[in-house]
Amino acid sequence: MRVFNFAAGPAMLPLEVLKQAREELEDWQGSGMSVLEVSHRGKAFVALAQELEALLRELAAVPSHYKILLLQGGATAQFAGIPLNLAPPGATADYVNTGSWSKKAITEAKRYCNVHIAADEAASRYNSVPKPGSLELTPGAAYVHYTPNETIGGVEFGYVPDTGSVPLVADMSSTILSRPLDVTRFGLIYAGAQKNLGPAGLCIVLVREDLIGHARPDTPSVLDYQAMAADASMLNTPPTFSWYVAGLVLRWVKSQGGLAAMGARNRAKADALYQAIDGSGFYRNPVEKSCRSWMNVPFTLARPDLDKQFLAEASAAGLTNLAGHRSVGGMRASLYNAMPLAGVRALIDFMQEFERRNG
Ligand SMILES: *Cc1c(COP(=O)(O)O)cnc(C)c1O
């Protein structure tokens, strides 16, 4: 039985995508081989790669002066790749600290450049984001890095920070393709695929052309944006199956009406769940209302002694992976693109019934 999987990542994929992958697994495009077994240099796979890039460009409206790179090592490799490519030795980069993922990006960047913290949400216990215009920016910084959606804390920016002429870099791992996006506001966008895009192992990087070609000489080639762009992200063997499934997911997003349709649906899903939480006397979400994530909804029970029972009964009802991140506890429902509204409705019904019995 298929369940509604609320995992934060790797996350639920559209059933249509899984079915198509299954159907063509043994014989991909009449090749007599699976896509797992064909050469990445072959005509058919190169066409797959070109369609993947074209769909991404179309759906996210990526202008022609941005390169689309498909890299390995997840978003975490880019925590190093970004300073290696964008910060010359001795340069300073500004980082906004809004929680767990920001902190990881900061820790890694400190190995390669001077990190200035442009804002730190410690005072809000990472339950809010900085007010527009409040960042303490370094004049001439190499770039400003922020995390539009903190996957663990469930905290999201409702606006794009204005950094003037300094390139803005965004870790969109848990929010890419979840709503319309103005790429031109950013110097670089990166996102691990396993939340909204496809299988783990793939990280997409959208980078403005003028920001590439300046990597430090000691940058590993697979992290060098110029080298990867020059070879259509095939400097080495790419994770071919991840590329294939990501292509199917992008086709699915397009068939659903693109990012505008995704945005409307994601907003409706999040609104319904937050309304149910706020309307109950039993569940609670700690995040400031204007900064609540559409993608990751953490919540706690009035009786934490019932956490285990809640998770066990939810799982038995086909609502899985609702445990909060090990660093924060409680619950977390991740509502990426592939989670249908019916899944959120089923979760709400379950929560209300659980409260009736135990509240
Ligand atoms: C999941 C996630 C990451 C880590 O991605 P990996 O692919 O595991 O490296 C980084 N940043 C954010 C915001 C995430 O949600």
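Residues numbered from 1 in each chain as written. Predicted model: local features only at pLDDT ≥ 70, side-chain atom pairs only at ≥ 80, totals over all residues. Heavy atoms only, no water.

Draft legend 1. Seen up close, the domain arrangement of the protein chain. When its domains are assigned, the protein chain resolves into domain 1 (15-255) and domain 2 (258-358). One C-alpha centre belongs to domain 1, the other to domain 2; they are set 27 Å apart. Domain 1 puts 24 residues into the contact, and the matching count from domain 2 is 26 residues. Buried area between domain 1 and domain 2, both sides added, is near 2000 Å², and the carbon and sulfur share of it is 56%. Three residues stand out in domain 1 for area buried against domain 2, namely Asn127, Ile152 and Trp252, and they jointly supply 25% of the buried area on that side. Our count for the domain 1 to domain 2 interface comes out at zero salt bridges. The interface formed by domain 1 and domain 2 contains 14 residue pairs in polar contact (both at pLDDT 80 or more). Sorting elements by how many residues they give to the side of domain 1 that touches domain 2 places helix H6 (residues 240-255) first, with three residues. (Domains from an automatic or database assignment. Contact = heavy atoms within 4.5 Å. Buried area = accessible area lost by both parts, 1.4 Å probe. Salt bridge = Lys/Arg side-chain N within 4 Å of Asp/Glu carboxyl O. Polar contact = N/O pair within 3.5 Å; in protein donor to acceptor, adjacent residues only side chain to side chain. Helix = DSSP H or I, 4+ residues; strand = E, 2+ residues; numbered from the N terminus.)

Draft legend 2. The layout of surface pockets, seen in detail. Estimates place the volume of the largest pocket at around 510 Å³. Every residue lining the largest pocket is counted, 26 residues in all, and those nearest its centre are Glu156, Phe157, Gly158, Arg179 and Trp294. With four residues, the top contributor of residues to the lining of the largest pocket is helix H7 (residues 258-279). A breakdown of the residues in the lining of the largest pocket according to their chemical character gives 14 nonpolar, four polar and eight charged. Counting only domains with at least three residues in the lining of the largest pocket, you end up with domain 1 (15-255) and domain 2 (258-358). (1 Å grid on protein atoms, 1.4 Å probe; cavity = no way out; pocket = protein on both sides within 12 Å on 5 of 7 lines; lining within 4 Å. Points joined across faces, edges and corners; volume = space filled by probe spheres on them. Nonpolar A, V, L, I, M, F, W, Y, C, P; charged D, E, K, R; others polar.)

Draft legend 3. Representation of the pairing of strand E12 (residues 296-301) in the model. Of all six residues that make up E12, five are buried, and the element is covered over most of its length. Of the pairings in the sheet, the one linking strand E11 (residues 283-284) to E12 comprises two bridges and is antiparallel in character. Bridging across to E12, Arg284 finds its partner in Thr300. Note that E12 and strand E14 (residues 331-334) share four bridges and pair antiparallel. Of the residues in E14, the one forming a bridge with Pro298 is Arg332. (Buried < 20%, exposed > 50% of the residue type's maximum accessible area, 1.4 Å probe, protein only. Pairing = 2+ DSSP bridges.)

Draft legend 4. Expanded view of the site of the ligand. Neighbouring the ligand are 13 residues; Thr76, Thr151, Asp171, Gln194 and Lys195 lie closest to it. Asp171 is positioned with one of its side-chain polar atoms (N or O) 2.6 Å from a nitrogen atom of the ligand. Within the side chain of Lys195, a nitrogen or oxygen atom sits 2.7 Å from an oxygen atom of the ligand. Looking at which element gives the most residues to the shell around the ligand, the answer is helix H3 (residues 74-86), with four residues. Looking at side-chain class alone, the shell around the ligand contains three nonpolar, eight polar and two charged residues. (Near = heavy atom within 4 Å.)

Draft legend 5. Up close: empty space enclosed by the protein. Counting across every chain of the model gives one cavity of 30 Å³ or more. One number sums up the size of the largest cavity: a volume of about 70 Å³. Residue lining of the largest cavity: 14 residues in total, with Met12, Lys195, Asn196, Val249 and Ala338 positioned closest to the centre. Of the residues belonging to the lining of the largest cavity, the class tally is nine nonpolar, four polar and one charged.

Draft legend 6. The sheet that holds strand E9 (residues 188-192), seen in detail. What the seven strands build is an open sheet, ordered E2-E10-E9-E8-E5-E3-E4; its pairing is mixed. Looking at the sheet topology across the chains shown, the edges are occupied by strand E2 (66-71) and strand E4 (114-120). Adjacent strand axes in the sheet meet at a mean angle of 20° when their direction is disregarded. In terms of strand pairing, E2 meets strand E10 (residues 203-208) through six bridges, oriented antiparallel. Each bridged residue has a counterpart across the sheet, and for Tyr66 the counterpart in E10 is Arg208. Here H3 sits on the sheet in contact with E2, strand E3 (92-97), strand E8 (168-171), E9 and E10, set at roughly 160° to E9. (Axes fitted to C-alpha atoms, helices over the stretch in contact; angles between N-to-C directions.)

Draft legend 7. Broad picture of the pairing of E4. Inspection of the sheet shows E3 paired to E4 by six bridges, in the parallel sense. Bridge assignment links Tyr95 to a residue of E4, and that residue is Ile117. Viewed along the sheet, the connection from E3 through helix H4 (residues 100-109) into E4 turns out right-handed. (Right-handed = clockwise from strand over helix to strand, strands pointing away.)

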